[in-house]
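Observations on chain architecture
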2 protein chains.
Amino acid sequence: MTDVARRDATRPSTLHDVAALVGVSPRTVSRVVNDQGGFSEATRVRVMDAVNELRYRPNVMARGLITRRTNTVAFIAPVLNDPFFPEVADSVQTAAAACELTLFLAMSKGDVDVEHDVLLRLNAHAPDGVIIYPAGGGSEHLLSHLDQGMRMVLIDTEVDHPNAVSVVSNLRGGAGLAVERLVQRGCKKLAMIASTKSGPTLHRRESGFLDALPAGMERIVQAIDPTVEGGYAMASSLIEQHPDIDGIFAYNDVVAIGAIQALQASGRSVPGDVAIVGCDDIEMGSVVTPALTTIRIDRERLGNLAVRALVALVEDKPVDSPSVLDVELVVRESG
Amino acid sequence: MTDVARRDATRPSTLHDVAALVGVSPRTVSRVVNDQGGFSEATRVRVMDAVNELRYRPNVMARGLITRRTNTVAFIAPVLNDPFFPEVADSVQTAAAACELTLFLAMSKGDVDVEHDVLLRLNAHAPDGVIIYPAGGGSEHLLSHLDQGMRMVLIDTEVDHPNAVSVVSNLRGGAGLAVERLVQRGCKKLAMIASTKSGPTLHRRESGFLDALPAGMERIVQAIDPTVEGGYAMASSLIEQHPDIDGIFAYNDVVAIGAIQALQASGRSVPGDVAIVGCDDIEMGSVVTPALTTIRIDRERLGNLAVRALVALVEDKPVDSPSVLDVELVVRESG
DNA sequence: TTGAAAGCGCTAACAA
DNA sequence: TTGTTAGCGCTTTCAA
């Protein structure tokens, strides 16, 4: 008795322990635990009682060694200090938990090499799949992982590979909405603060912006690191180069907030002198002054779509890729 | 050849594959890979070449089955939509990665039952340890996991158990700093907006506030859900009950931001009519208007301390618990 | 409806 | 310096 109690404290009980307690073979316990059928109701009850008594939990590693499934999913964001990504992480984690999937979290810093390393390390843990915001700038390394059998859901990026599916937001349309709004407001000279960090995403926002620009309007697009500081610096430089800019579309809300600060610091009013529209709709956007007008990406839906797509991919079920997520304009004060 | 290539695509190569290629036993490869010594330099080179050629990566599950270490750590935050927690997660993830540890992420919603479930599920993956912001309100369930051998680093919570260590911020002192600042400003009637969600943490901030209150000053402390909305609601109700309140210490920055909005909505100026000091120093605090005066918790250090403590705990090395993290007053505009 | 045997990929004892 | 044997906890043939 004492012995059992002591062992209990050190080593979790195993299938064998349960089997021994019930007086059946491990195989039978396994059948019950995995609900594979082929056992009597009486056996089921006795086994489950023992499972509860011994607090038995299957060892995922032993199981994974055989089934090649670990019930884990990795989420890789470029950074966590842009509030948008934690908000997505939150929704991915919630959706994953609903599917009994445990989440690995990693960051790429928006750097391809870091991303590659992260993927390598993650790969050792054999996640069933990976949900990733790829760092911009090339996807050869992604292909190499895909070739080795890793399943991936790529957000806002499209890669043609049987092991990859994409979930993309209609950012091109969103950029159009932003331009439309600014023009409607009466802006005569628009600029876009783009990002140096994101490949395809950037291009979608950027081309959406350019395409929506009224004919004859100057095409001003400049890229920076997508941070508050980056937005601040770029807005400063932009109004110095083009003092008559009266509307800005920012790569994302964080950049927009930096831009607002820069404009205010230079004595301009937002949206009076310069109107600004951001992108993402992070929570912070509604508590800054002026509150941010922005393009909303529904992270709730995004996370759900991504997890659902991943599960389908892992189970070799048909998935339509890319799934496209609609975005909407949220009008507040800044633009 | 074709066969090998095909297998390569489906199944990662194993220790055996490497051993076969080199012409040694698996054990030798294992020794080299784990750098355990007991092999010649020539062997090492040949093995490593084969490792690279076959892109061999050890299977963590098979290894973990024997060593009982998985090189994973779980981080459990109550929520992710308060920016403070992602900022901590970021630093924990970075510190963990530096120790070759992969991070699981989970959320408790500040709910003891959810927390228990999360721990149960996580436990199946046998993380080497768990870093957790415990949901307030009882730690019996934590003890049950600790008793079963789970190692934990508890943030801002103290539990007396050989498998637990704590990392706590000096929030009691921080609250003192906040009161001191408000009194220095000339505030005559202070209130604290506390949290219903956090047990010991709450108490530390709360008792720190109360203890620092000048003799004779009314003791007003009311608790809400620590969100922007919560802060808004409580500030509204507080100034209705006590219209002469001229200083508020908020449980955290998110609450402080909500409070500022409520005060401004009621026509009061911050800090003119009511000064506000928050806690945490989230990034958002510096971009709202007025910029937040707050008590800074250094998440960088926090994450490092937590991971370091965990590693020591896991390796059965001595750790001093609790490690205490100093906090500092950051004066901006709100208070 | 149940069980015995094999083996997933790896490391730990113990030889040699 | 190297190899052999065993077994971590589980699931999967296959047989009873």
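Residues numbered from 1 in each chain as written. Chains lettered and ligands numbered in written order. Predicted model: local features only at pLDDT ≥ 70, side-chain atom pairs only at ≥ 80, totals over all residues. Heavy atoms only, no water.

For chain A, the helix and strand inventory stands at 13 helices and 12 strands. Taking 335 residues into account, the globule formula puts the C-alpha radius of gyration at 20 Å, and chain A, at 26 Å, lies well above it. Based on the C-alpha atoms only, the size of chain A along its principal axes is roughly 85 × 40 × 35 Å. The buried share of chain A, reckoned over its 335 residues, is 54%. Long-range contacts, defined as pairs at least 24 residues apart, comprise 70% of the intrachain contacts of chain A with a sequence gap of at least 6. (Helix = DSSP H or I, 4+ residues; strand = E, 2+ residues; numbered from the N terminus. Rg over C-alpha atoms; globule rule 2.2 N^0.38 Å. Buried < 20%, exposed > 50% of the residue type's maximum accessible area, 1.4 Å probe, protein only. Contact = heavy atoms within 4.5 Å.)

A word on the protein's contact with DNA strand D. Neighbouring DNA strand D are 27 residues, the closest being A:Leu15, A:Arg27, B:Thr28, B:Arg31 and B:Arg68. Within the backbone of B:Ser25, a nitrogen or oxygen atom sits 2.8 Å from a phosphate oxygen of DNA strand D. For the surface near DNA strand D, the secondary structure elements donating two or more residues are α3 (26–33) and α5 (60–67) of chain A together with α3 (26–33) and α5 (60–67) of chain B. Looking at which element gives the most residues to the surface near DNA strand D, the answer is α5(A), with 4 residues. A per-class count over the surface near DNA strand D returns 10 nonpolar, 10 polar and 7 charged. (Near = heavy atom within 4 Å. Polar contact = N/O pair within 3.5 Å; in protein donor to acceptor, adjacent residues only side chain to side chain. Nonpolar A, V, L, I, M, F, W, Y, C, P; charged D, E, K, R; others polar.)

Right, let's get into the packing of helix α2 (residues 15–22) of chain B against helix α4 (residues 41–54) of chain B. Residues and elements named next belong to chain B. Running from N to C, α2 and α4 point in directions that differ by 125°, and their axes come no closer than 9 Å. Put simply, α2 runs oblique to α4. Here the hand of the crossing between α2 and α4 comes out right-handed. Between α2 and α4, the contacting residues are Asp17, Val18, Leu21 and Val22 on the first element and Arg46, Val47, Ala50, Val51, Glu53 and Leu54 on the second. (Axes fitted to C-alpha atoms, helices over the stretch in contact; angles between N-to-C directions. Parallel < 35°, antiparallel > 145°, perpendicular 65-115°, else oblique. Left-handed = near helix turned anticlockwise from the far one by under 90°.)

Attention shifts here to the interface of chain A and chain B. Each partner contributes to the interface: chain A provides 48 residues, whereas chain B provides 48 residues. Note on chain A versus chain B: buried area summed over both sides is about 4,300 Å², and carbon and sulfur give 59% of it. It is A:Met61, A:Arg121 and A:Val287 that lose the most area in chain A upon contact with chain B, and together they represent 15% of the buried surface on that side. Put simply, chain A and chain B have 2 salt bridges between them. Counting every contact that joins chain A to chain B gives 12 residue pairs in polar contact (both at pLDDT 80 or more). Here the residues of the side of chain A that touches chain B sort into 23 nonpolar, 15 polar and 10 charged. Two elements, strand β2 (residues 102–107) of chain A and strand β2 (residues 102–107) of chain B, share 3 bridges in a ladder whose sense is antiparallel. In the sheet register, A:Phe104 faces β2(B), and the bridge partner there is B:Phe104. (Buried area = accessible area lost by both parts, 1.4 Å probe. Salt bridge = Lys/Arg side-chain N within 4 Å of Asp/Glu carboxyl O. Pairing = 2+ DSSP bridges.)

Bringing the relation of the copies chain A and chain B into the picture now. Taken as rigid bodies, chain A and chain B are interconverted by a rotation of 180° and an axial shift of 0.0 Å, the fit giving an RMSD of 0.1 Å. What the rotation and shift describe, once combined, is the action of a two-fold rotation axis. Mapped onto chain B, 100% of the interface residues of chain A are again interface residues, and the two copies thus contact each other with one and the same surface. (Least-squares fit on C-alpha atoms with pLDDT ≥ 70 in both.)

Right, let's talk about the packing of helix α11 (residues 228–241) of chain A against helix α12 (residues 253–265) of chain A for a bit. Residue and element names in this part refer to chain A. Their axes nearest at 6 Å, the elements α11 and α12 cross at an angle of 45°. Considered as vectors, α11 and α12 are oriented oblique to each other. Of the two elements, α11 crosses α12, and the hand of that crossing is right-handed. Across the interface between the two elements, Val228, Gly231, Tyr232, Ala235, Ser236 and Ile239 of α11 pack against Val254, Val255, Gly258, Ala259, Gln261, Ala262, Leu263 and Ala265 of α12. For the contact of α11 with α12, the class distribution of residues is 10 nonpolar, 4 polar and no charged.

Residue and element names in this part refer to chain A. Within the fold, aspartate 156 resides in the loop between β4 (152–155) and β5 (164–169). Residue class for aspartate 156 comes out buried when judged on its relative accessible area of 2%. Of the polar contacts made by the side chain of aspartate 156, one reaches the backbone nitrogen of serine 169; its length is 2.8 Å.

A few words on the nonpolar core. If you look at the biggest cluster of nonpolar residues, it comprises 156 residues, and the most contacted ones within it are A:Phe75, A:Ile131, B:Phe75 and B:Ile131. The contacts of A:Phe75, once residues within four sequence positions are left out, are A:Phe85, A:Val88, A:Ala89, A:Val92, A:Leu103, A:Phe104, A:Leu105, A:Ala106, A:Ile131, A:Tyr133 and A:Ile155. Core analysis: the second largest hydrophobic core is formed by 32 residues, A:Ala106, A:Met150, A:Met152 and B:Leu122 among them. (Core = buried A, V, L, I, M, F, W, Y, C linked by side-chain atoms within 4.5 Å.)

Next up on the list: the protein's contact with DNA strand C. Residues in contact with DNA strand C amount to 28 residues; listed here are only the nearest, A:Thr28, A:Arg31, A:Arg68, B:Leu15 and B:Tyr56. The contact atoms of DNA strand C, taken as those within 4 Å of the protein, divide so that sugar and phosphate hold 64%. One of the side-chain nitrogen or oxygen atoms of A:Arg31 is found 2.6 Å away from a base oxygen of DNA strand C. Contact distances for DNA strand C include 3.2 Å between a phosphate oxygen and a backbone N or O atom of B:Asn59. Along the lines of polarity and charge, the residues of the surface near DNA strand C split into 10 nonpolar, 11 polar and 7 charged.

Turning next to the domain arrangement of chain A. For chain A, the assigned domains read domain 1 (15–66), domain 2 (70–169 + 299–325) and domain 3 (171–296). Look at where the C-alpha atoms of domain 1 of chain A and domain 3 of chain A centre, and you get two points 59 Å apart. (Domains from an automatic or database assignment.)

What follows is about the sheet that holds strand β7 (residues 220–224) of chain B. Residues and elements named next belong to chain B. As summarised here, the arrangement of the 6 strands in space is β7-β6-β8-β9-β10-β12, forming an open sheet in which the pairing is mixed. The open sheet has two edge strands, β7 and β12 (328–330), and neither has a second partner. Strand after strand, the sheet turns through a mean of 20° between neighbouring axes, direction not considered. Strand direction decides the pairing type here: strand β9 (residues 275–280) and strand β10 (residues 293–296), joined by 4 bridges, are parallel. In the sheet register, valine 277 faces β10, and the bridge partner there is threonine 293.

Turning next to the pattern of salt bridges. In this structure the tally under the stated criterion is 27 salt bridges over all chains. Taking the shortest distance from any N to any O, the salt bridge between B:Asp281 and B:Arg296 comes out at 2.8 Å. Of this pair, B:Asp281 sits in the loop between β9 and β10 while B:Arg296 is found in strand β10, placing the two residues 15 residues apart along the sequence. Here B:Arg296 falls in the partly exposed class, since its relative accessible area comes to 25%. Among the salt bridges present, the one from B:Lys317 reaches B:Glu315, with a minimum N-O distance of 2.9 Å. In this structure B:Lys317 comes out as partly exposed when scored by relative accessible area, which is 48%. Among the residues examined, B:Glu315 registers a relative accessible area of 37% and is labelled partly exposed. Residues participating in the shared-partner salt-bridge network are A:Lys189, A:Glu218 and A:Asp244.

Turning our attention to the sheet that holds strand β10 (residues 293–296) of chain A. Residues and elements named next belong to chain A. Overall, mixed pairing links the 6 strands, which are arranged β7-β6-β8-β9-β10-β12 in an open sheet. Each edge of the open sheet is held by one strand with a lone partner, namely β7 (220–224) and β12 (328–330). Along the sheet, successive strands turn relative to each other by an average axial angle of 20°, direction set aside. Examined bridge by bridge, strand β6 (residues 190–195) and β7 share 5 bridges and lie parallel to one another. Within β7, the position partnered with methionine 192 by the bridge is valine 221. Most of the contacts of helix α9 (residues 171–185) go to strand β9 (residues 275–280), to which it runs at about 165°, and overall it touches β6, β8 (247–250), β9, β10 and β12. Across the sheet, α11 lies against β6 and β7, angled at about 150° from β7, the strand it touches most.

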